[in-house]
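# Structural overview
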Amino acid sequence: MAATSWNRHHIISLADFQPFEYDAVLQTAASFQEVLSRRTKKVPALQGQVIANLFFESSTRTRSSFELAAKRLSADTLNFAPGTSSITKGETILDTAKTYLAMGTDIMVIRHREAGVPLAIANEMDRLQTRVGVFNAGDGQHEHPSQALLDLFTICTLFDPEKPRLSLLQGKKIAIVGDILHSRVARSNIWSLTASGAEVHLVGPPTLLPKAFADFVKGSDELPRKLFVHWSLEPALENADFVMALRIQKERMTSHLLPSLREYHWRYGITGDRLQHCQPDVKVLHPGPVNRGVEISSELMDDPKFSLISQQVTSGVAVRMALLYLMSSGKA
Amino acid sequence: MAATSWNRHHIISLADFQPFEYDAVLQTAASFQEVLSRRTKKVPALQGQVIANLFFESSTRTRSSFELAAKRLSADTLNFAPGTSSITKGETILDTAKTYLAMGTDIMVIRHREAGVPLAIANEMDRLQTRVGVFNAGDGQHEHPSQALLDLFTICTLFDPEKPRLSLLQGKKIAIVGDILHSRVARSNIWSLTASGAEVHLVGPPTLLPKAFADFVKGSDELPRKLFVHWSLEPALENADFVMALRIQKERMTSHLLPSLREYHWRYGITGDRLQHCQPDVKVLHPGPVNRGVEISSELMDDPKFSLISQQVTSGVAVRMALLYLMSSGKA
Amino acid sequence: MAATSWNRHHIISLADFQPFEYDAVLQTAASFQEVLSRRTKKVPALQGQVIANLFFESSTRTRSSFELAAKRLSADTLNFAPGTSSITKGETILDTAKTYLAMGTDIMVIRHREAGVPLAIANEMDRLQTRVGVFNAGDGQHEHPSQALLDLFTICTLFDPEKPRLSLLQGKKIAIVGDILHSRVARSNIWSLTASGAEVHLVGPPTLLPKAFADFVKGSDELPRKLFVHWSLEPALENADFVMALRIQKERMTSHLLPSLREYHWRYGITGDRLQHCQPDVKVLHPGPVNRGVEISSELMDDPKFSLISQQVTSGVAVRMALLYLMSSGKA
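Thresholds, definitions, all that
Residues numbered from 1 in each chain as written. Chains lettered and ligands numbered in written order. Predicted model: local features only at pLDDT ≥ 70, side-chain atom pairs only at ≥ 80, totals over all residues. Heavy atoms only, no water. Domains from an automatic or database assignment. Contact = heavy atoms within 4.5 Å. Buried area = accessible area lost by both parts, 1.4 Å probe. Salt bridge = Lys/Arg side-chain N within 4 Å of Asp/Glu carboxyl O. Helix = DSSP H or I, 4+ residues; strand = E, 2+ residues; numbered from the N terminus. Buried < 20%, exposed > 50% of the residue type's maximum accessible area, 1.4 Å probe, protein only. Phe/Tyr/Trp six-rings, centres within 6.5 Å; stacked < 30°, edge-to-face > 60°. Lys NZ or Arg CZ within 6 Å of the ring centre and 35° of its normal.

## Overview of the domain arrangement of chain A
A common measure of how large an interface is: the accessible area buried when the components associate. Residues and elements named next belong to chain A. Taken as a whole, chain A is organised into domain 1 (19-143 + 313-330) and domain 2 (147-309). Opposite the 25 residues of domain 1 that make contact, domain 2 presents 25 residues. With both chains or domains summed, domain 1 and domain 2 bury close to 2000 Å², and 61% of this area falls on carbon and sulfur atoms. The largest contributions to the domain 1 side of the interface with domain 2 come from Y22, L26 and Q141, which together make up 34% of the buried area. Put simply, domain 1 and domain 2 have one salt bridge between them. In this structure, E57 and R184 form a salt bridge, with 2.8 Å as the shortest nitrogen-oxygen distance. Elements that contribute at least two residues to the side of domain 1 that touches domain 2 include exactly α1 (19-36), β3 (107-112), β4 (133-139) and α11 (309-329).

This is the structure in structure tokens:
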């Protein structure tokens, strides 16, 4: 596996990911995807290593995916249940992390509703000169790097299942639809997809997509990132190769950022009809869980000709195996 | 193990179970029971397979039994915690199941308070042409097949520990006492016990046992099922070989279906005295957890001469190992 | 490992622990500590054994430590979640324990807010002539033996990392500071530390440390236990080799046993200044989780010259591995 030049032992953000790193993840994940097609879907790569899932914000789906990835690498896993934890007893988050460090944890997978918590823990682990890896499994509205990497893997393997690589997306058009402002999934995907040379078109209601949003990416590094902002679906979908619908949080309604789910679906919902303006072989992605009939019509979600949603979940296990494996190798 | 002719890869209901299937379960469980008497109580049968426990209705006892059965087959397990799941985020149950399918789950063990959920998921898995097995771990008031099969195994091994088989119950008399109307345990046991040729006598208060109850079984298939309904204990216990007390849900009191626990115990509680009308070597079963002094007197529960309650729990692990193993073989 | 003469298969209290038993734990833990320094931190000692964590009182930190210890011995673990258990369905605690017994559990790790529950379960397991081991992971205000043994191990390995033994503490002075009255950690530590021949000085506010407290230990057995009680810090800290701060429960404020956290810190908080009256190489311990700035100043907690808090957590895994291993060998 392509781990020779890898030397990153935390996965916090994709903002500074290099093309060779994307390709290492994609190629390592492709190897593991092959393992997962066997009857015995395990490799001994991380035997005896301990991976602690510190999900301060609960999530069964993502935790299960990480737990399964860890088990298929033969690692031992510890699950942290926020409701019953020392946090409620007044311990600081850094002290909780240091407790898991002292127990002998090798990798901490961290989800927290505040942006920056995984980075703070990673910095503390480095300051203490430990070799613990920190994996951001979603921090507030900041980033969710493994979600973006599994999206990338899902797309790239369509073009070359055996050698998925970033350059395959050069010149493709990808629309990201929905609540961009609050979405860590969108932020991570913007970094990865623009790094590939694809055109990324963001589209959502003005309350959830400020015009200035594109500025935080464009010109932030030497890459000529192609990022566009729209308030209506039509220009974003026109000739798109991929449409990624984001999950709408129902809380946005009570905070008056959205009028109603029906209105949202009418203006921004992805349906079979609306895909007719895209490329004929357009594919639809969604990070899940889906509100059927809101972000995507129920028929479209179940149509294997268009929907990549199941493949995204499957890719999630292989991509997380790849990242855990690379983080672990990056410590040597 | 007797898996040659087995070709059922879902366990949903015992209504259409065939005698050879009961015997396959009993004999496979007997093999695993032997494994469990060793110091190292594991076999590599399901190594690398993933078993997801999707307990939408929570149950520590049953989940632990399934989890232990899976671990002793060397499978990896995923636990789904309903309180923290995508269900609360608006995802449909079928979409949750499809997510676990896409992650690479081999067998889904499902408990849900609505009857029919496991069947609906099994149908969807088949429609999608997957090879995932669905195991009903209790659905509403419908069925709880593994409970009935562990009861059957517990009884049959009394007569022949090495070769337990359905025909050993031919002509025996078994009383099932309590809240028949709401009991999935009773429904599954009625199918298995009447299939054996035993006489099954249901007994409970009229509010919890309509006279017409027997009709749903009798004449429903070609088997001459012997099922009787009583509102008082005496005729049911007379000469009984086995007495199975069902758990009383305290909610039945608030819904006016039962006057009080004391009154219930006075009329239907199983005590040493009342067993004197049964066969001298009568045995008592209960699916647990027991309300001591309500369904069964505390003394009787602790009397190893009569009580099979501990053996039932022990059988549970072996029988669930057998079912998981057979389901898995049934997919080939 | 030094398990030849060990014949205790429950760990309930340290009141009757013998010096050779302390030394067996310390030496076995030292062997496992060495295992934990390798990349593959597992041994096959308890392969196929089942360890059930029955935490009726929830605790993520302690449960994680036990779970990791079990996994590193290659045991299978079951976790019991009190909120979703049969307990809420009216089952007695002894019946819950018997259910886990019947499933085939080898060791039960039990935490309960009532003193005496682990002992009651151990007695029942013995009465039933089972070989199940019961491990008290904290019962009310009674004892928390593994915490005291990990404290002992942490201290003894400072003097001889390869051969930690009880006699190394002969003549040392150890201060235990805080809510002695309600602390199971203090009770267990008093037994182990006085058994070593160290001088143990208890110090806390009069509401949390009755003058008669020392009497329950002194003269309770043939050992000449050296135990002293103080209401002010100075005499306890003077020339102390070790200072162990106990956790303050915030509930003590509402029950008027403490005026305020600030007042507590001002009178009993451990700070760098206050350590100047101790031995120059004094070390500070705390069972965690720490209320920073209350029991210990934040600076002191993070100062590796003084704080043993991280080492305590690390020792916890090795000591629990040792105890589980010895309990298991003690059954043969």
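## Brief notes about the pattern of salt bridges
For the structure on display, the rule yields 50 salt bridges over all chains. Between R8 of chain C and D16 of chain C there is a salt bridge, with its nearest N and O atoms 3.3 Å apart. Between R38 of chain C and E34 of chain C there is a salt bridge; the shortest N-O distance is 3.2 Å. When its relative accessible area of 40% is taken as the criterion, R38 of chain C is described as partly exposed. Through salt bridges with shared partners, one network takes in D95, K98, E124 and R127 of chain A together with R292 and D302 of chain C.

## Quick notes on the environment of Y325 of chain C
Inspection of the secondary structure assignment puts Y325 of chain C in helix α11 (residues 309-329). Residues Y325 of chain C and V282 of chain C, spaced 43 residues apart in sequence, show a C-alpha to C-alpha distance of 32 Å.

## Re the packing of aromatic side chains
Enumeration over the complete set of coordinates arrives at 27 aromatic pairs over all chains. With 6.4 Å between their ring centres and 65 degrees between their planes, F55 of chain C and F66 of chain C make a pair best called edge-to-face. Of this pair, F55 of chain C sits in strand β1 (residues 50-55) while F66 of chain C sits in helix α2 (residues 60-72), and the two are eleven residues apart along the sequence. Judged by its relative accessible area of 2%, F55 of chain C is buried. Ring centres 6.0 Å apart and planes at 80 degrees place the aromatic pair F80 of chain C and Y100 of chain C in the edge-to-face group. In this pair, F80 of chain C is assigned in strand β2 (residues 76-80) and Y100 of chain C in helix α3 (residues 93-103), connecting sequence segments 20 residues apart. Residue classification places F80 of chain C among the buried residues on the basis of a relative accessible area of 4%. Among the aromatic residues, ring-to-ring pairing joins W6, F17 and Y22 of chain A into one connected group. Over the ring of F66 of chain B we find R320 of chain B, and its NZ or CZ is 4.7 Å from the ring centre.

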